[in-house]
Amino acid sequence: QLQLVESGGTLVQPGGSLRLSCAVSGFALTHYAIGWFRQAPGKEREGVSCINYNGLTVYADSVKGRFTISRDNAKSTVYLQMSNLKPDDTAVYYCAKDAARWRLCGRPQSEYDAWGQGTQVTVSS
């Protein structure tokens, strides 16, 4: 059964760090791009970062230098390490799987066919 499950979201102070996890099952992690997305209250969902099938990574300008995406193939888990967090990073964070194998990151959200349930990250003092 194809499944993505996010975890790690919590309340953190500005300037703090947090690591989100996306545990996947039902497909080969090394065959698909996995993206992290977020949706803040009253805003559209936006792409944050992506790691494609061969490990290449991309980041939104708003998180470059602060967030790092990585993958543990043995654990079938994709991580999003977030540092120097800002109140604007407050959102529900989702991971999602590209619908097709062997593609690079940069696809629109409509081309991701499986999504996790989301995990809430709140950055506040």
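Coordinates for the structure precede this section.
Not measured: the values here are computed from a predicted model.

## So, the packing of aromatic side chains
Geometrically, a pair of aromatic rings is defined through the distance of the ring centres and the angle of the planes.
For step 1, the next point in the chain: Evaluated as defined, the whole model comprises 5 aromatic pairs.
For step 2, the next point in the chain: For the ring pair F37 and Y112, a centre distance of 5.1 Å and an interplane angle of 80 degrees mean the geometry is edge-to-face. Of this pair, F37 sits in strand 4 (residues 34–39) while Y112 sits in strand 10 (residues 112–115), placing them 75 residues apart in sequence.
For step 3, the next point in the chain: One aromatic cluster is present, built from ring pairs that chain together F37, Y112 and W115.
For step 4, the next point in the chain: Positioned over the ring face of Y32 is K97, at 4.2 Å from the centre of the ring.

## Description of the nonpolar core
For step 1, the next point in the chain: Ranked by internal contacts, the top residues of the largest apolar core, which has 27 residues, are W36, L80, M82 and Y93.
For step 2, the next point in the chain: Among the secondary structure elements, those contributing two or more residues to this core are strand 3 (18–25), strand 4, strand 5 (46–51), strand 7 (67–72), strand 8 (77–82), strand 9 (91–98) and strand 11 (119–123).
For step 3, the next point in the chain: With 4 residues, strand 3 is the single largest residue contributor to this core.
For step 4, the next point in the chain: Apart from residues no more than four positions distant in its own chain, M82 is found in contact with G16, S17, L18, L20, R66, F67, Y93 and V121.
For step 5, the next point in the chain: Judged by nonpolar contacts, the second largest core, of 6 residues, contains F37, C50, A96 and C105.

## Here's the deal with the pattern of salt bridges
For step 1, the next point in the chain: On inspection of all chains with the given rule, the structure shows 8 salt bridges.
For step 2, the next point in the chain: Between D89 and R66 there is a salt bridge whose closest N-O contact spans 2.7 Å. Of this pair, D89 sits in the loop between strand 8 and strand 9 while R66 sits in the loop between strand 6 (57–59) and strand 7, and the two are 23 residues apart along the sequence.
For step 3, the next point in the chain: Residue R66 is classed as buried on the basis of its relative accessible area of 9%.
For step 4, the next point in the chain: Of the charged contacts, one joins E111 and R107 as a salt bridge, the two residues approaching to 3.7 Å between their closest N and O atoms.
For step 5, the next point in the chain: According to the relative accessible area criterion, E111 is partly exposed, its value standing at 26%.

## A look at the environment of L80
For step 1, the next point in the chain: Within the secondary structure, L80 is located in strand 8.
For step 2, the next point in the chain: Its relative accessible area of 0% is what places L80 among the buried residues.
For step 3, the next point in the chain: Distance in space between the C-alpha atoms of L80 and R19 is 5.6 Å, their sequence separation being 61 residues.
For step 4, the next point in the chain: Here L80 is in contact with L18, R19, L20, W36, V48, S49, F67, T68, I69 and Y93, once residues within four sequence places are set aside.

Scoring rules and cut-offs
- Residues numbered from 1 in each chain as written.
- Predicted model: local features only at pLDDT ≥ 70, side-chain atom pairs only at ≥ 80, totals over all residues.
- Heavy atoms only, no water.
- Phe/Tyr/Trp six-rings, centres within 6.5 Å; stacked < 30°, edge-to-face > 60°.
- Helix = DSSP H or I, 4+ residues; strand = E, 2+ residues; numbered from the N terminus.
- Lys NZ or Arg CZ within 6 Å of the ring centre and 35° of its normal.
- Core = buried A, V, L, I, M, F, W, Y, C linked by side-chain atoms within 4.5 Å.
- Buried < 20%, exposed > 50% of the residue type's maximum accessible area, 1.4 Å probe, protein only.
- Contact = heavy atoms within 4.5 Å.
- Salt bridge = Lys/Arg side-chain N within 4 Å of Asp/Glu carboxyl O.

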